[in-house]
Amino acid sequence: MIGIFLGAPLAGILMALASVVAEQFLAVIAGIVSQKEIVLDVYKNLSFFLVASAIIEEGFKYFSAVFVLRRYLNLRRFKFIAASATAGLFFGGSEVYLILLTNGKKIWDIRGFDSNTFFSLSAVVLLHILTYLLISALIANRGENTRFQALKTILLPTFIHLLFNFLVIQKGDFTNWLVGIVLGITFLLSFFSILFNFRKLAGSTTGQKIQ
């Protein structure tokens, strides 16, 4: 239980911070190469930098799921699922906190936000919980000798992340409905993957080659 209530939250927070550091490093490199400052305005358009950010975040989730939750903390079955959801919650919460901090807001300022802003921030947290769960389910479902396992595992969550970003950027009349549909589909993918492959999820990964 220590792994779920202590290890998983810590993993989620650290992976969120590591993602921010990696994204800032990428922004610096991109700025040097293009000789143009990369600012937060890039998040208003679906650009290469936004795609790279999604890959970075899902990659860090994969890393923590495989090497922290399953290998280091040795979590299995429902403990692994609960830890994945917990890590995703703290990953998303950390990202929301950083968003608020960047905009000069405090966490308690959420109470004064309009319904659309509150929905968007809540959707960010749900996105990270569900993509973390999906990554964990895919880890349990994959074969032991599959090549390029990491790339194949984060491909679908990264696509979902990018689709979510695209919908948020569009801000159309039906955006909230479409975001809800995307999150709902992600939940169903995770749920049925866990349900139909529970034996693999419960099985030992001792000696398994992880790429």
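That block above? That's the structure.
Cut-offs applied
Positions within a chain are numbered from 1, following the residues in the order the chain's sequence is written. Residue-level local features of this predicted model are given only where pLDDT is at least 70; pairs of side-chain atoms are given and counted only at 80 or more, and the full residue set underlies all totals for whole chains, interfaces and linings. The side-chain numbers reported here are obtained from all heavy atoms of the structure, hydrogens and water having been left aside. Note on aromatic pairs: the rings of Phe, Tyr and Trp (six-membered ring only in Trp) are paired at centre separations within 6.5 Å, and the planes decide the class, stacked below 30 degrees, edge-to-face beyond 60, tilted for the rest. The criterion for a charge sitting over a ring is simple: Lys NZ or Arg CZ within 6 Å of the ring centre, and within 35 degrees of the ring normal. Every helix listed is a DSSP run of H or I at least four residues long, and every strand listed is a run of E at least two residues long, numbered separately from the N terminus. Only protein chains enter the calculation, and the probe is 1.4 Å; a residue is then buried if its accessible area is under 20% of its type maximum, exposed if over 50%, and partly exposed in between. In the analysis that follows, any N or O atom pair within 3.5 Å is treated as a polar contact, provided that within protein one partner can donate a hydrogen and the other can accept it, and provided that, for residues neighboring in sequence, both atoms belong to side chains. We call two residues in contact whenever any of their non-hydrogen atoms come within 4.5 Å of each other. Lines fitted to the C-alpha atoms define the axes, with helices restricted to the stretch that makes contact. Angles between their N-to-C directions range from 0 to 180 degrees. Throughout, the term roughly parallel applies to angles under 35 degrees, roughly antiparallel to angles over 145, roughly perpendicular to angles from 65 to 115, and oblique to all others. In this scheme the crossing of two helices becomes right-handed for a clockwise turn of the near helix relative to the far one and left-handed for an anticlockwise turn of less than a right angle. Each residue receives one of three labels: charged for Asp, Glu, Lys and Arg, nonpolar for Ala, Val, Leu, Ile, Met, Phe, Trp, Tyr, Cys and Pro, and polar for the others, Gly being one of them. Multiplying 1.5 Å by the helix residue count minus one yields the expected span of that helix. Here the arc refers to the set of directions running from the helix axis out to each C-beta atom.

Asks: How do you make sense of the packing of aromatic side chains when you look at a structure like this?
Replies: Summed over the entire model, instances satisfying the criterion amount to three aromatic pairs. Relative to Phe192, the ring of Phe191 has its centre 5.3 Å away and its plane inclined at 80°; by these criteria the two rings are edge-to-face. Feature note: the residues Phe187, Phe191 and Phe192 constitute an aromatic cluster, connected by ring pairs. Here the guanidinium or amino end of Arg70 rests over the ring plane of Phe80, the centre of that ring lying 4.7 Å away.

Asks: When you look at the side chain of His161 in this model, what are you seeing that I'm missing?
Replies: Tracing the chain through its elements places His161 in helix H5 (residues 149–170). Judged by its relative accessible area of 4%, His161 is buried. Within the structure, the side chain of His161 is placed 2.7 Å from the side chain of Glu58, a separation counted as a polar contact. Setting aside chain neighbours within four positions, we find His161 in contact with Ala54, Glu57, Glu58, Leu127 and His128.

Asks: Which parts of the structure should I look at to understand the packing of H5 against helix H6 (residues 175–196)?
Replies: Helix-helix packing is characterised by the crossing angle of the two axes and by the distance between the axes. Close contact between H5 and H6 brings their axes to 9 Å; oriented N to C, the two are set at 170°. As the angle between them shows, H5 and H6 are arranged roughly antiparallel. In terms of crossing hand, the pair formed by H5 and H6 is left-handed. Within the contact between the two elements, H5 uses Leu156, Ile160, Leu163, Phe164, Leu167, Val168 and Gln170 and H6 uses Thr175, Leu178, Val179, Val182, Thr186 and Leu189. When grouped by side-chain class, the residues that make up the contact of H5 with H6 number ten nonpolar, three polar and no charged.

Asks: Whenever I open this one, H6 confuses me. Can you help?
Replies: Side chains of residues three or four places apart in an α-helix project in the same direction, reflecting 3.6 residues per turn. Taking 1.5 Å of rise per residue, 22 residues should cover 32 Å, and H6 covers 32 Å from first to last C-alpha, within 8% of that figure. All of the buried residues along H6 are Thr175, Val179, Val182, Leu183, Thr186, Ser190, Ser193 and Ile194. Down the axis, H6 shows its buried residues gathered within 100° of arc, on one side only. Opposite its buried face, H6 presents the exposed residues Trp177 and Phe196, each directed more than 90 degrees away.

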